[in-house]
Amino acid sequence: MSHIELVLWVGLAIGLVFGAVGQATGFCLQRGLVQRWGRKGGFKLQAFALALATALIGTQALAALGLIDLSSSLYMAPRYSWLLLPVGGLLFGYGMGLANGCGARALVLLGTGNLRSFVVLLCLGIAAYMTLTGVIAPLRIALSDPTTIEPALITLPVGALRTAVTLLAGLALILYALRRPTETPEAERPRRWSDLAGGLVIGLLVVLGWFATGWLGNDDFEPLPVISLTFVAPIGDVIQYAMLATGMSLRFGIAVVVGVVLGSLALSLLRRQYQLRSFQAPQQMLRYIAGGALMGAGGALAMGCSIGQGLTGLSTLSFSSMISAIFIVLGARLAWTLHLRNA
Amino acid sequence: MPTYSHAITSTRRRQLLAAAGASLLGCAFPGGAIASAIWRQLDAAVQSVGQSEILDSGLQLTLPLVAEDGSSVPLTVSSNGLQGRRIERLEIFAPNNPTPEVAIFEFGPDVSRVELMTRIRLSESQTVIAVAHTSDGKVIVAERAVRVTVSGCIAPAKSDPASEMKARVRVPQSWTTGDTGEVLTMISHPMITGLAADASGNTPSERIIRSFQASLEGEPVVKAQYFRSLSANPYLKFQFAPSKAGELHFEWTEDTGRKVEVTEKVSLA
């Protein structure tokens, strides 16, 4: 088996586990934020924090051991647009609020028979490609060129400070994740440990993704792009691959996306939770279409989604990922304030 | 005068109809003889073909339909069903690049069947052309259309002068007499085109790997001439069946005359 096939199989396996965990625990940043802002209680945000802590510490450990070289990853690009990262983050976060979950969550829900997610995913994938290489791309480039900066520092320099920040941030996130529930209603409490376990596994999957592309895929002659879990461009890739498979090769991200749907489908069938669901009203459909399209375009501008920047990007300690991730949360807050608070 | 202008319109209309018909046929038979023949519009390819007899098939050129990164597009050429003919020379063209020539390969007798892969630069969407010359003086032309889109991300251009001219090769541990084995070669080199400005706004002059050669006990297996349309870090994967054991010698030459050499052992089992 060539290193390329091996990485694809690992990608599929990562996707399967992600899909199953997502189906079992409902791992979702959007739900976590809504639980927190609405003071409804629940453990989704704490699960996300644990996933981030795991991804951060694990990824930094892999890099410190010299197993992977993060410097060639997308998040370590020496130049980026100071305008598009925040704008993209806001659009993505707002779209995530409208569509009631990010792209990865939509993949999991699609596996359980949720046809609303199918619409969201189509809109997301097509909007992402429209922004990356399609009709909106000239606008993206026109906005990006005059706003591109080349900062002196794109991440913390290797050394004691970096190690300290990794450990302190990781510790803080773990403490937050394990904090005793106070607001959570009694009925929700049994979910605590399963939600946290799900977060832990998803954090490990981010690390495994880095390991797969950065170590298994690191061939002298044909090195693969060093990436890990991210869902905006890959959802577009899957749509493109479906149409152009004879002239296109499979990529890690495509294998992951397909795996997520299959993993969720398998577990929802096993648990007898598979059920076709659709829109209740045209207005709802319109909202999901807008949400998907905004997530696709925004994710393309912000170079990642709530997982791609929020977990994978942050796990590299890249400053640009911190910008994108903060604005994704701000965008989600905007959608919550405008549309969800009183719903 | 009215008749004259009418004549023009009607010729024009006929030309338009003919063009529309041709493109319809092109859709109906993608890759067919009618749709292709882009090479006839490229002087270098027409010159290469010359008066030689053109064979219909036997050469497969493979590139992705859509390339997001025009600076590194994988290209594979393979020959098959040539009925005893051998390909001696292979030329790759990218007609819409500033320099249409991409690479010229010459193969020794140990390369009974061409199976090679490299990476090329495409400045825009176009049809890539491969012209192969067989041992009996015939020519095979293969074409493949590639759509190049803008890059989705700002790829960091990594150029480390310290690792420049670092060559590496991978050959099979042992070879079986008469069987082909795969050889991978790569040299770290920015392949400066002399056309693009760097980060500081200066345009450095052209500096590329000009030639590559692999020879077994002094006899050439593959000789290649490279142009600036070849991607940075020139990569070449090829197959051959060694006719004898001995030293497999690799040599890269920069246009400044700088050379790098690597030698590997070939032992036949």
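A brief look at the structure comes next. Position numbers for residues count from 1 along each chain, tracking the sequence in the order it is written. Each chain gets a letter, beginning with A, and each ligand a number, beginning with 1, in the order they are written. Restriction of local features to residues with pLDDT of at least 70 applies here, the model being predicted, together with a cutoff of 80 or more for giving and counting side-chain atom pairs; totals for whole chains, interfaces and linings are based on all residues.

Re the overall build of chain B
Turning to step 1, where the next piece is worked out: A run of H or I in DSSP becomes a helix once it reaches four residues, and a run of E becomes a strand once it reaches two; helices and strands are each numbered from the N terminus. Scanning chain B from terminus to terminus reveals two helices and 16 strands.
Turning to step 2, where the next piece is worked out: To sort residues by exposure, count the other C-beta atoms lying within 10 Å of each residue's C-beta; 20 or more gives buried, 12 or fewer gives exposed, and values between give partly exposed, all with C-beta atoms placed from the backbone. In chain B, buried positions account for 28% of the 269 residues.
Turning to step 3, where the next piece is worked out: What counts as a contact is two residues whose backbone-derived C-beta atoms lie within 7 Å of each other. For chain B, restricting intrachain contacts to residue pairs at least 6 apart in sequence, the fraction spanning at least 24 positions comes to 67%.

Remarks on the overall build of chain A
Turning to step 1, where the next piece is worked out: The helix and strand inventory of chain A stands at 14 helices and two strands.
Turning to step 2, where the next piece is worked out: C-alpha atoms define the radius of gyration, and 2.2 Å times the number of residues to the power 0.38 defines the globule rule. Compactness check: chain A gives a C-alpha radius of gyration of 19 Å against a globular reference of 20 Å for 343 residues, within 12% of the reference.
Turning to step 3, where the next piece is worked out: When the backbone C-alpha atoms are referred to their principal axes, chain A occupies close to 50 × 45 × 45 Å.
Turning to step 4, where the next piece is worked out: Looking at the 343 residues of chain A, the share that counts as buried comes to 55%.
Turning to step 5, where the next piece is worked out: Sequence-distant contacts in chain A: of pairs separated by 6 or more residues, those separated by 24 or more amount to 81%.

So, the pairing of strand S9 (residues 139-148) of chain B
Every other side chain in a regular strand lies on the same face of the sheet, so the side chains alternate between the two faces.
All names here are of chain B.
Turning to step 1, where the next piece is worked out: Here the rule is simple: two strands pair whenever DSSP picks up at least two bridges between them. The pairing of strand S1 (residues 54-55) with S9 spans two bridges and is parallel. Residue pairing for S9: Leu-55 is matched across the bridge by Ile-140.
Turning to step 2, where the next piece is worked out: Bridging between strand S3 (residues 66-67) and S9 involves two bridges; their strand directions are parallel. Opposite Ala-67, over in S9, you have Val-148 as the bridge partner.

A few points about the interface of chain A and chain B
Turning to step 1, where the next piece is worked out: Between chain A and chain B, the residue contacts involve 17 residues of the former and 16 residues of the latter.
Turning to step 2, where the next piece is worked out: Put simply, the parts of the chain that give the side of chain A that touches chain B at least two residues each are helix H7 (137-144) and helix H10 (232-244) of chain A.
Turning to step 3, where the next piece is worked out: Tallied by class, residues from the side of chain A that touches chain B come to twelve nonpolar, three polar and two charged. When residue character is reported, Ala, Val, Leu, Ile, Met, Phe, Trp, Tyr, Cys and Pro are called nonpolar, Asp, Glu, Lys and Arg charged, and the others, Gly included, polar.

Observations regarding unusual backbone geometry
All names here are of chain A.
Turning to step 1, where the next piece is worked out: If you check the backbone angles, Asn-100 has positive phi at about 65° while not being a glycine.
Turning to step 2, where the next piece is worked out: Within the secondary structure, Asn-100 sits in the loop between helix H4 (84-98) and helix H5 (103-111).
Turning to step 3, where the next piece is worked out: Positive phi is not limited to glycine here, since Met-303 has a value of about 60°.
Turning to step 4, where the next piece is worked out: Classification of Met-303 as buried rests on a count of 28 C-beta atoms within 10 Å.

What to know about the packing of H4(A) against helix H12 (residues 282-301) of chain A
When two helices pack together, their arrangement is given by the angle between the helix axes and by the axis-to-axis distance.
Residue and element names in this part refer to chain A.
Turning to step 1, where the next piece is worked out: Two elements in contact, H4 and H12, have axes separated by 7 Å at closest approach and are oriented at 155°. By the angle between their directions, the pair H4 and H12 is classed as roughly antiparallel. The handedness of the crossing between H4 and H12 is left-handed. Judged by residue contacts, Leu-84, Val-87, Gly-88, Gly-89, Leu-90, Leu-91, Phe-92, Tyr-94, Gly-95, Met-96 and Leu-98 of H4 engage Arg-287, Ala-290, Gly-291, Gly-292, Leu-294, Met-295, Ala-297, Gly-298, Gly-299, Ala-300 and Leu-301 from H12.
Turning to step 2, where the next piece is worked out: For the contact of H4 with H12, a count of residues per class yields 14 nonpolar, seven polar and one charged. Comment: axis = line fitted to C-alpha atoms, over the contacting stretch for helices; angle = value between 0 and 180 degrees taken between N-to-C directions. If an angle is under 35 degrees, it is roughly parallel; if it is over 145, roughly antiparallel; if it lies from 65 to 115, roughly perpendicular; otherwise it is oblique. In this scheme the handedness of a crossing depends on how the near helix is turned from the far one: anticlockwise by less than a right angle means left-handed, clockwise means right-handed.

Brief notes about helix H11 (residues 252-270) of chain A
Turning to step 1, where the next piece is worked out: Helix length check: H11(A), at 19 residues, gives a terminal C-alpha distance of 27 Å against a target of 27 Å (1.5 Å per residue), a fit within 8%.
Turning to step 2, where the next piece is worked out: Burial analysis of H11(A) places 15 of its 19 residues in the buried class, which makes it a mostly covered element. Expected helix span is computed as 1.5 Å times (number of residues minus one).

Observations regarding the sheet that holds strand S4 (residues 73-79) of chain B
Residues and elements named next belong to chain B.
Turning to step 1, where the next piece is worked out: Across the sheet, six strands lie side by side as S2-S4-S7-S14-S11-S10; this open sheet has antiparallel pairing. Two strands lie at the open edges of the sheet, namely strand S2 (59-62) and strand S10 (167-170), each paired on one side alone. Here the strands of the sheet are splayed against their neighbours by 15° on average, with no regard to which way each runs.
Turning to step 2, where the next piece is worked out: Of the strand pairs in this sheet, S4 and strand S7 (residues 115-120) are connected by six bridges, and their pairing is antiparallel. If you follow Pro-74 over to S7, its bridge partner there is Arg-119.

Some points on helix H3 (residues 44-64) of chain A
Turning to step 1, where the next piece is worked out: In this model H3(A) runs 30 Å from its N-terminal to its C-terminal C-alpha over 21 residues, within 8% of the 30 Å that 1.5 Å per residue would give.
Turning to step 2, where the next piece is worked out: A:Gly66 occupies a position one or two residues after H3(A) and carries a positive phi of about 80°.

Considerations on the pairing of strand S6 (residues 101-107) of chain B
Residue and element names in this part refer to chain B.
Turning to step 1, where the next piece is worked out: Sheet topology places strand S5 (residues 87-93) next to S6; five bridges connect them, and they run antiparallel. When the bridges of S6 are listed, Phe-93 appears paired with Glu-101.
Turning to step 2, where the next piece is worked out: Pairing of S6 with strand S13 (residues 219-226) involves five bridges; the strand directions are antiparallel. For Phe-105, the partnering residue across the bridge sits in S13 and is Ala-224.

A short note on the environment of A:Ala61
Residues and elements named next belong to chain A.
Turning to step 1, where the next piece is worked out: Secondary-structure assignment places Ala-61 in helix H3.
Turning to step 2, where the next piece is worked out: For Ala-61, a count of 12 C-beta atoms within 10 Å gives the class exposed.
Turning to step 3, where the next piece is worked out: Between the C-alpha atom of Ala-61 and that of Ile-289, which follows or precedes it by 228 residues, the distance is 40 Å.

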